Amino acid sequence: MSKKKVCILYTGGTIGMIPTENGFAPAPGTFAKELAAIRDLSSPRMPDWDLVEFDPLLDSSNITYKQWNQIAGAIESRYDDYDGFVVLHGTDTMAYSASALSFMLEGLSKPVIFTGSQIPLCELRSDGKDNLITSVLIAAQDVVHEVCLYFSNELLRGNRATKYSSDRLIAFKSPNYTELAKAGIDMRYRKRAFLEVDPDQPLTVRYLRDTRLAVIKVFPGIKFELFTPIVNGMQGLILETFGSGNIPNYDKALSNLIDEASRTGAVVVVCTQCPQGAVRLGTYEAGSALVNAGAVSGYNMTTEAAVAKLQYLLSQDLTREQVIELMETDLRGELDK
Ligand code: ASP
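Each chain carries its own residue numbering, running from 1 in the written order of its sequence. The model is predicted, so local features are restricted to residues of pLDDT at least 70 and side-chain atom pairs to those at 80 or more, both for listing and for counting; the totals for chains, interfaces and linings are taken over all residues. Note that water and hydrogens are dropped before the side-chain values are worked out from all heavy atoms of the structure.

Peer 1: Explain helix α6 (residues 253-263) to me, please; I cannot follow it from the model alone.
Peer 2: One full turn of an α-helix is made of 3.6 residues, so residues set three or four places apart face in the same direction. When α6 is considered as a whole, its buried residues turn out to be Ala253, Leu254, Leu257, Ile258, Glu260 and Ala261. The arc that holds every buried residue of α6, seen down its axis, measures 155°, which confines them to one face. Helix and strand assignments follow DSSP, with helices taken as H or I runs no shorter than four residues and strands as E runs no shorter than two, numbered in order from the N terminus. Where α6 terminates, the next one or two residues include Gly265, which has phi positive at roughly 90°. For each residue, the accessible area found with a 1.4 Å probe, counting protein chains only, is set against the maximum for its type, and the residue is called buried under 20%, exposed over 50%, and partly exposed in between. Here the arc refers to the directions that run from the helix axis out to each C-beta atom.

Peer 1: Quick question: what am I supposed to make of the environment of Thr303 here?
Peer 2: Here Thr303 lies in helix α8 (residues 303-314). Sequence spacing of Thr303 and Val215 is 88 residues, and the spatial spacing of their C-alpha atoms is 8.4 Å. In what follows, a contact means two residues having at least one pair of non-hydrogen atoms within 4.5 Å. If sequence neighbours within four positions are ignored, Thr303 has contacts with Val215, Ile238, Glu240 and Cys271.

Peer 1: Is there a simple way to think about the pattern of salt bridges in this case?
Peer 2: A side chain with one charge may pair with a side chain of the opposite charge, provided their charged atoms come close. When a carboxyl oxygen of Asp or Glu is within 4 Å of a side-chain nitrogen of Lys or Arg, the pair counts as a salt bridge. Inspection of every chain in the model, using the stated rule, returns twelve salt bridges. Between Arg332 and Glu106 there is a salt bridge, with its nearest N and O atoms 3.7 Å apart. Placement of the pair is Arg332 in the segment after α9 (320-327) and Glu106 in strand β6 (residues 105-106), with a sequence separation of 226 residues. An identical accessibility class is assigned to Arg332 and Glu106; each is buried. Within the structure, one salt-bridge network assembled from shared partners comprises Glu106, Arg206 and Arg332.

Peer 1: What am I meant to see in the environment of Asp50 here?
Peer 2: Mapped onto the fold, Asp50 is located in strand β4 (residues 48-58). By relative accessible area, which is 31% here, Asp50 ends up partly exposed. With sequence-adjacent residues up to four places away left out, Asp50 is seen in contact with Lys5, Val6, Cys7, Ile8 and Tyr82. Counted as a polar contact is a pair of N or O atoms within 3.5 Å, where, for protein atoms, one must be capable of donating a hydrogen and the other of accepting one, and residues adjacent in sequence contribute only when both atoms are in side chains. There is a polar contact of 2.5 Å between the side chain of Asp50 and the side chain of Tyr82.

Peer 1: How should I be thinking about the sheet that holds strand β15 (residues 213-217) in this particular structure?
Peer 2: Should DSSP find at least two bridges between two strands, the strands are taken to pair. Taken in spatial order, the four strands of this open sheet run β15-β16-β17-β18, and their pairing is parallel. Two strands close off the open sheet at either side, each with one partner strand: β15 and β18 (296-297). Where β15 meets strand β16 (residues 236-241), five bridges bridge the pair, whose relative direction is parallel. Bridged to Ile216 within β16 is Leu239. Between N-to-C directions, angles cover 0 to 180 degrees, with each direction set by a line fitted to C-alpha atoms, over the stretch in contact for helices. The sheet contacts of α8 involve β15, β16 and β17 (267-272), and relative to β16 the element is tilted by about 165°. The sheet strands contacting α9 are β17 and β18, and the helix crosses β17 at an angle near 15°.

Peer 1: What am I meant to see in the site of the ligand here?
Peer 2: Every residue near the ligand is listed here: Gly13, Thr14, Met17, Asp59, Ser60, Gly90, Thr91, Asp92, Ser117 and Gln118. Within the side chain of Thr91, one N or O atom sits 2.4 Å away from an oxygen atom of the ligand. Protein chains shield 90% of the accessible area of the ligand, which is 270 Å² for the free molecule. Classifying every residue of the shell around the ligand by side-chain character gives one nonpolar, seven polar and two charged. Here a residue counts as near a molecule or strand whenever at least one of its heavy atoms sits within 4 Å of it. Surface accessibility in these figures is a Shrake-Rupley result with a 1.4 Å probe; residues are shielded only by whichever protein chains are displayed. Residue classes follow a fixed rule: Ala, Val, Leu, Ile, Met, Phe, Trp, Tyr, Cys and Pro count as nonpolar, while Asp, Glu, Lys and Arg count as charged, and any other residue, Gly among them, counts as polar.

Peer 1: Looking at this structure, how should I read unusual backbone geometry?
Peer 2: It is generally the case that most residues other than glycine have a negative phi and that most peptide bonds are trans. The omega torsion of the bond from Asp55 to Pro56 falls at 0°, within 30 degrees of zero and hence cis. Inspection of the secondary structure assignment puts Pro56 in strand β4. Positive phi outside glycine occurs at Ser152, with the angle close to 40°. Mapped onto the fold, Ser152 is located in the loop between β8 (147-151) and β9 (154-157). Notably, Tyr299 is not glycine yet its phi reads approximately 50°, a positive angle. When you line up the elements, Tyr299 lands in the loop between β18 and α8. On the basis of relative accessible area, Tyr299 is assigned to the buried category, the value being 15%.

Below, the structure written as structure tokens:
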């Protein structure tokens, strides 16, 4: 039987960074040498793998829809040549990128595993080696067929993950959905939690366009009228509200803001700022203004998934009504109603 083949896409991020005068930064051409020094990666029990280094390499704070298109394009052009893909990415925006790719890669039937590390490979105690090796092994197994994020012994659905800690090695959580696998002595997959895929459906990549989005986090005393000028020209607005979708109703300022957004064609999506749980619009009087103004429920989507999904939908030739309907529809296992 021929060996499985995995493609490792290195986009940047802490895992391959080296120390510079201004702090850790990625450096072109150094990562391949670091991988060559990891003995496990050349074990005969490992699948064959190739490394594709992106240019430029980025700290993931600089990722935009352009890199999401670049990652999707790199997968599309190599799709038939590999059994699976590992995307090495900075942790800061990994949950956004994994969410975006989950929507862009329609008909995906191979594993795409995002990973990285909190400590660079070149430093003592790096978590990068285990994250990388386990991700390559998962990508070579024909078990999970969706966009995932592997970190510190847990395999999470990409569009359910959120960066939870800036300094712990367990950096990600999936607060509203079970992990897809746990890595102990063995890999324990929860197959019932997987997305159902049709292996006969071809991969279709939906590339993203530049879109005008904003995320506003509600806080006590917020003056919504300050935001009205920026709403003009916006295509999508995500409100991170209190609890199950509540906002202050002490004046009409939010209604004005949403009216303005709707008048200019923007889609307003309501997420919760609670890490866990869902939006239930209309439960409280304090959230009824949102319902009356035609805001869309984000249910229990993470803000990361909502941003990525809105960008994906707004990049297609859909009517505003279609975008609204699809925002509230579960497309890739990103929400529960
Ligand atoms: N700033 C880094 C990045 O996101 C952090 C990391 O990779 O952990 O690229």
